[in-house]
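# Notes for the structure review
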2 protein chains.
Amino acid sequence: MLCGMPQPDGPLARLRRGHESLVLGLLRKHGPLSRAELGRLSGLSRTTLYDIVAALVDSGAVATAAPATDAAGKRGRGRPVEKLTLNPGAGQALGIDFARRAVHVAAVNVAHEVIGSAGEAHAADLPWEERIDLAERLVGTLGQGALRLSSLSAIGVGVVGPVGAPGEEATRAGDSDGLPGLLAKRFGVPVLVDNNTRLAALAEATWGAAAGDEDVLYLKMSYGVGGGLIVGGSLHRGAYGLSGEFGHITVEPGPDGRPCECGGTGCLETVASAGAVLDAAREAGCDVADFPALIAAVEGGDAAARGVFDRVGTAVGEVLAATCNAIGPGVIVLGGEVAAAGAALLEPVERALSAHIQPIARHRVDLRRAAIDESGGALGAIALVLHESPLLSRYPAQEPGSEEEDDA
Amino acid sequence: MLCGMPQPDGPLARLRRGHESLVLGLLRKHGPLSRAELGRLSGLSRTTLYDIVAALVDSGAVATAAPATDAAGKRGRGRPVEKLTLNPGAGQALGIDFARRAVHVAAVNVAHEVIGSAGEAHAADLPWEERIDLAERLVGTLGQGALRLSSLSAIGVGVVGPVGAPGEEATRAGDSDGLPGLLAKRFGVPVLVDNNTRLAALAEATWGAAAGDEDVLYLKMSYGVGGGLIVGGSLHRGAYGLSGEFGHITVEPGPDGRPCECGGTGCLETVASAGAVLDAAREAGCDVADFPALIAAVEGGDAAARGVFDRVGTAVGEVLAATCNAIGPGVIVLGGEVAAAGAALLEPVERALSAHIQPIARHRVDLRRAAIDESGGALGAIALVLHESPLLSRYPAQEPGSEEEDDA
C-alpha cells in the first residue's frame, strides 16, 4: 500500500529514513543550504523534500537560519532565501547504560560532538529507582549545564540481556521490563532500549577501534560475556534480537561443563567472565582480593595468574575462530575488564584463533583492543537515538515510547 | 562528490540501485504505468525518474508499451500516454553453476519466471574447456528455443571456493581463475562470478525453503561442506568473501583431527562431506558402492549406516548451535547430498542443536530441508545478475566483465 501509514519497518519507512539521512548528511557536509539547493543535491522531488524537511524541523534536528544579508544570500529583488541548518543546540541526545554493576551516561550534540560522559559503580542489587536517581545525578554533571533535557527528542538506554523487537514479546523476562516507563516519567521524553553490549559494538564501530570498518565482531568480557556484530556495514540484531551471544557458545561440552546463567552448561561465559576468571585464579592459588588485583598480578608477571589467562584466551580464540569462519569479519574488537589483561590474554587468543580459523583467512582478520570502554553502551545508545549512522540503515525502526502501529 | 561518476559501491550508487529497484518493483506490482504514475508512486523527482527510466530502457529491462486505445488510456485530446512495462522477452538471464562434479544451468525471464533448467554430472577432473562445452550444450536445451543469448545482459556463474571482491586479488588461487574470460569469449556477454554455495543460499532465500525470511543460515553438505548467510535481509559476503565457511569450523581439535583441503585439520568438512560420510560408513562395515547406495541403506534401516549419520548429525548440530548463538538466524536450511538422508541426519542435528543453542533461542530457530537442490547455484547466479532482489541491496556491486572504476 502506498497510501496510508507506512509500516515502521516496511520498504517505504526505510526509504523515508534513507531520505532523512541523505538530507541530514548534506547539511552536515555543506553547511546551511536552501530548499532549492537541497533539492538539487538530493535528487528528491519538491513534494518529498518539503515533507522530509518539515518533519526534520518539527523534530528539532533541523533549524531554519536567518537569511544571509550579503549579495550571495539574495536572489534578485525577491525575498531572501531561507537556509536550513543542523540545529546545534536543540538536537542534543542522551545515552544511559544500566550495566550490571554501574551506570554510565553520555551526551552529544547534533554534530556528533560528545559534550560529556560520566559513570559510577554500584552494588549489583541496587533497586531500579535508585539506579535511575544515580543516572539523573550523573546527567546533571554533563556539559556544564549546556545539556537541555527539554530539547531531547528521545533517550537511548542500554540494558543487560536480550531485548525484544518493538511489538514483540520480550525474549527473556528481564528485570528491566518496566524501565522505559519509569525513565519516560522521570525525564519526560520517549525512551529507546536495546542490549547494552550490542550498543557498545555500535559505538566501537562508529567512533572507536573499528570506526569505518564494515564487518566487525565485538566481544566484551566483563561480568557477563557477550558481543555484537557489524555485518556488511550494518549493526546486526538477529531474527529475535539474539545475535552476538558469543558468551553462550559451548566450550566445555562434556559433563564437566559448569551451569550458566542462560540455563545451559559449559558456555564460554562460565570460563571467560570476570567472575569465572577470578574464581579460576583463586583455585590456581592466586591470593587476590578482586579482579583489579588479579590484573595487577598478571601485569606483575605472576605465573599462576598468567596460566589462567592463557587457558581463558585459548577458549576465547577457539570461539572466535569458529565465528570468523562463519561470518568473515575483517576486525575483531575485544573489550571489557578481562581484556584489560592485555597481552596475557591477547597472545593466547591470537594463537588459538590462528590455529583454528581457516588458513586462507589467517592474516586477514585484525584483532584489536576496544578504544571506548565503559562509556561504550551509553554512546551506542546515543547512536541508536540519532539513527543517523549508516550502520543503522537496516536496523529495525522503533517508534520511541509509542505502541507499534500496524496497518498490515 | 555529487558530480562525476559515482563509485560502484558508494552511497550514490546504492541510492541509484535503490531507485532502480523501486521502479522495477512498482512495474512488477502494478503492471504497465505511465511516467507520471511512476513519479507519483515513487516520490522521485521528474529528472531523477526520467534518468532512471532511460537507463532501464537502454538495458532492455523495461519496454515502452503501445498506448491503450480505450478511454482510460487517453487524456483529453492530447497524445495518448506511453506506458512503461517490464520487458518479458529481452531481459532473460542465464545462470551456470560449475560444481565439483557437475554442470547446472538455468534461465529466467525478467518477470522471474524460470523458463528452464538442466544439469549433467561429469568426472571431477574434466578440463574447463569441456565443462564449458557441456554448459553450452545444456543451455541449448532450455526454454525450447525461446532463450535468446543475444538479449542477455550478463551471465551469472557459480564456482567452487572463495571468490575475490571486484578489483581485489583472488583470495585463494582457484583453478577457475581464467573462467570468466573463457565464458565471455564463448557466449559474447559479460560474466559475473561468485561462490556457488553462497549463490545456492541466495536462491533458497529468494525462491526456496527460506523465501521471504530475513535471517537465514544455509548449510550445504555435498562433496564439500559450506554455506551462506542471509543477514538482516541481505546476502552476506564477509570482509574478504569468506563468510559461510561452516565446513572449516573445527570439530575435532585434538591430534586425531584429519587433514582438510583448506590446510587445517579436524574441520567439519572432514566429518560431514559426502566423501567423509561414505568412508566412515565403509569403516563401520557398510558394504555400499557409492553415496546413493549409502542413502538407500539408511532408508532401508541399516543400523551401521544410521549410526554413522547419527555421529555426523551431532557434529553438524554442535556447529549450527555455535553459529546460531553468534548470528541469530530464524531459519536454518540444510541442503546437499548428505541432507538427502532425511530424518536419519536431521534428528541428531536437531538434538545437538537443541542441547547447545542458548535455551532462550531453542524454539525460535526453524530447521528445514532445502527446496531447490542441484539447480540452486545456477538460480542464485541469475539472482546475482538481475541484482533486483532486496537480498542484494547491500551486496558489493560488480561491473560485469569490466575493470573496476575508482574515482576516489
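Residues numbered from 1 in each chain as written. Chains lettered and ligands numbered in written order. Predicted model: local features only at pLDDT ≥ 70, side-chain atom pairs only at ≥ 80, totals over all residues. Heavy atoms only, no water.

## Some thoughts on the packing of aromatic side chains
Heads up, the condition is: A pair of Phe, Tyr and Trp rings is counted when the ring centres sit within 6.5 Å of each other, with Trp represented by its six-membered ring. The angle between the planes then sorts it: under 30 degrees is stacked, over 60 is edge-to-face, the rest tilted. Numbered from the N terminus, helices here are DSSP runs of H or I no shorter than four residues, and strands are runs of E no shorter than two. Accessible area is worked out with a 1.4 Å probe on protein chains only. A residue is then buried under 20% of its type maximum, exposed over 50%, and partly exposed in between. Geometrically, a charge over a ring is one whose NZ (Lys) or CZ (Arg) sits within 6 Å of the ring centre while staying within 35 degrees of the ring normal.
One pass over the full model with this rule turns up 2 aromatic pairs over all chains. Summarising the aromatic geometry, the rings of phenylalanine 98 of chain A and tryptophan 128 of chain A are spaced 5.2 Å apart at their centres and angled 70 degrees between planes, so their arrangement reads as edge-to-face. With a gap of 30 residues between them, phenylalanine 98 of chain A in strand β4 (residues 93-98) and tryptophan 128 of chain A in helix α4 (residues 128-140) connect regions that are remote in the sequence. Residues phenylalanine 98 of chain A and tryptophan 128 of chain A agree in their burial class; the two are buried. The ring of tyrosine 50 of chain A carries the charged tip of arginine 35 of chain A above its face, separated from the ring centre by 5.5 Å. Its guanidinium or amino end placed over the ring of tyrosine 223 of chain B, arginine 101 of chain B lies 4.4 Å from that ring's centre, counting from NZ or CZ.

## Side note on the sheet that holds strand β1 (residues 33-34) of chain A
All names here are of chain A. Short version of the rule: In this scheme, strands are said to pair when DSSP sees at least two bridges between them.
The strand order β1-β3-β2 describes an open sheet built from 3 strands, whose pairing is antiparallel. Here the strands that pair on one side only, and so sit at the sheet edges, are β1 and β2 (62-65). In terms of strand pairing, β2 meets strand β3 (residues 83-86) through 4 bridges, oriented antiparallel. Bridging from a neighbouring strand, threonine 64 pairs with leucine 84 of β3.

## A closer look at the relation of the copies chain A and chain B
Quick note on the threshold: A residue counts toward the fit only if its pLDDT is at least 70 in both copies, and the copies are then superposed by least squares on the C-alpha atoms of those residues. Contacts are assigned to residue pairs with any non-hydrogen atoms lying within 4.5 Å of each other.
It takes a turn of 180 degrees to lay chain A on chain B, together with a shift of 0.0 Å along the axis; the resulting RMSD is 0.3 Å. The operation mapping one copy onto its partner corresponds to a two-fold rotation axis. Considering only C-alpha atoms, the residue of chain A closest to the rotation axis is serine 45 of chain A, which sits at 2.0 Å. Comparing contact sets, 100% of the residues at the interface of chain A also lie at the interface in chain B, consistent with an isologous, same-surface contact.

## Points about the environment of valine 163 of chain A
Residue and element names in this part refer to chain A. In this fold, valine 163 is placed in the loop between β7 (155-159) and α5 (179-187). Owing to a relative accessible area of 15%, valine 163 belongs among the buried residues under this scheme. A sequence separation of 79 residues divides valine 163 from leucine 242, and the C-alpha atoms of the two residues are 8.2 Å apart.

## Observations regarding the pairing of strand β8 (residues 191-195) of chain A
Residues and elements named next belong to chain A. Most of β8 is tucked away, with 5 of its 5 residues classed as buried. Note that β7 and β8 share 5 bridges and pair parallel. What sits directly across from glycine 156, in β8, is leucine 192.

## Thoughts on the side chain of arginine 131 of chain B
All names here are of chain B. What counts, and what does not: A 3.5 Å cut-off defines polar contacts: any pair of N or O atoms within that distance qualifies, except that in protein one atom must be a possible hydrogen donor and the other a possible acceptor, and neighbouring residues in sequence count only when both atoms are side-chain atoms.
Topologically, arginine 131 is positioned in helix α4 (residues 128-140). A polar atom in the side chain of arginine 131 sits 3.5 Å from the backbone oxygen of alanine 99. When sequence neighbours within four positions are dropped, the list of residues in contact with arginine 131 reads Phe98, Ala99, Arg100, Val103, His122, Ala124 and Leu126.

## With respect to the interface of chain A and chain B
To keep it simple, the criterion reads: We define buried area as the total accessible area lost by two parts upon association, computed with a 1.4 Å probe and summed across both. What counts as a salt bridge is simple: a side-chain nitrogen of Lys or Arg found within 4 Å of a carboxyl oxygen of Asp or Glu.
Tallying the contact residues gives 56 residues for chain A and 57 residues for chain B. For the pair chain A and chain B, the summed buried surface comes to about 4,400 Å²; carbon and sulfur atoms form 56% of the total. There are 0 salt bridges connecting chain A and chain B. The tally of links between chain A and chain B comes to 18 residue pairs in polar contact (both at pLDDT 80 or more). Of all the secondary-structure elements, those providing two or more residues to the side of chain A that touches chain B are α1 (11-30), β10 (225-231), β11 (234-236) and α10 (303-327) of chain A.

## Here's the deal with the sheet that holds strand β1 (residues 33-34) of chain B
Residue and element names in this part refer to chain B. Ordered in space as β1-β3-β2, the 3 strands form an open sheet in which the pairing is antiparallel. Both outer strands of the open sheet, β1 and β2 (62-65), are each paired with one neighbouring strand and no more. When β1 meets strand β3 (residues 83-86), the two strands line up antiparallel, connected through 2 bridges. In the strand pairing of β3, serine 34 is matched with lysine 83.

## What about the pattern of salt bridges?
Residues and elements named next belong to chain A. Enumeration over the complete set of coordinates arrives at 24 salt bridges over all chains. The salt bridge partner of lysine 83 is glutamate 37, with a shortest N-O separation of 3.1 Å. Here glutamate 37 lies in helix α2 (residues 35-42) and lysine 83 lies in strand β3, a separation of 46 residues in the sequence. The exposure class of lysine 83 is partly exposed, given its relative accessible area of 21%. Relative accessible area serves as the criterion here: at 23%, glutamate 37 is assigned to the partly exposed category. One salt bridge connects arginine 186 with glutamate 136, and the closest N-O pair in it is separated by 2.9 Å.

## Some details on the state of the cysteines
Residues and elements named next belong to chain A. Note the threshold: A pair of sulfur atoms, both from cysteines and within 2.5 Å, is called a disulfide here.
A full pass over the atoms with the stated rule returns 0 disulfides over all chains. This cysteine, cysteine 260, is not joined by any disulfide, and cysteine 267 carries the nearest cysteine sulfur, 3.8 Å off. Owing to a relative accessible area of 10%, cysteine 260 belongs among the buried residues under this scheme.

## Side note on α4 of chain B
Residues and elements named next belong to chain B. Note the following rule: To estimate how far a helix should reach, multiply one less than its number of residues by 1.5 Å. Note: the arc covers the axis-to-C-beta directions of the helix.
Taking 1.5 Å of rise per residue, the 13 residues of α4 would be expected to cover 18 Å, and the 18 Å separating its terminal C-alpha atoms lies within 8% of that figure. For α4, the set of buried residues is Trp128, Arg131, Ile132, Leu134, Ala135, Leu138 and Val139. The arc that holds every buried residue of α4, seen down its axis, measures 155 degrees, which confines them to one face. Against β4 (93-98), β5 (102-108), β6 (114-121) and α5 (179-187) lie the buried residues of α4.

## What about the packing of α10 of chain A against helix α10 (residues 303-327) of chain B?
Our working rule: Here an angle of 0 to 180 degrees is reported between the N-to-C directions of two axes, which are lines fitted to C-alpha atoms, with helices fitted over the stretch in contact. In these notes the angle categories are as follows: under 35 degrees is roughly parallel, over 145 is roughly antiparallel, 65 to 115 is roughly perpendicular, and the rest is oblique. The residue classification treats Ala, Val, Leu, Ile, Met, Phe, Trp, Tyr, Cys and Pro as nonpolar and Asp, Glu, Lys and Arg as charged. All others, Gly included, are polar.
Two elements in contact, α10 of chain A and α10 of chain B, have axes whose closest approach is 10 Å; the angle formed by their N-to-C orientations is 75 degrees. Considered as vectors, α10 of chain A and α10 of chain B are oriented roughly perpendicular to each other. Touching Thr323, Ala326 and Ile327 of chain A of α10 of chain A are Thr323, Ala326 and Ile327 of chain B, all from α10 of chain B. Partitioned by chemical class, the residues of the contact of α10 of chain A with α10 of chain B number 4 nonpolar, 2 polar and no charged.

Everything listed is a geometric property; what it means functionally is a separate question.
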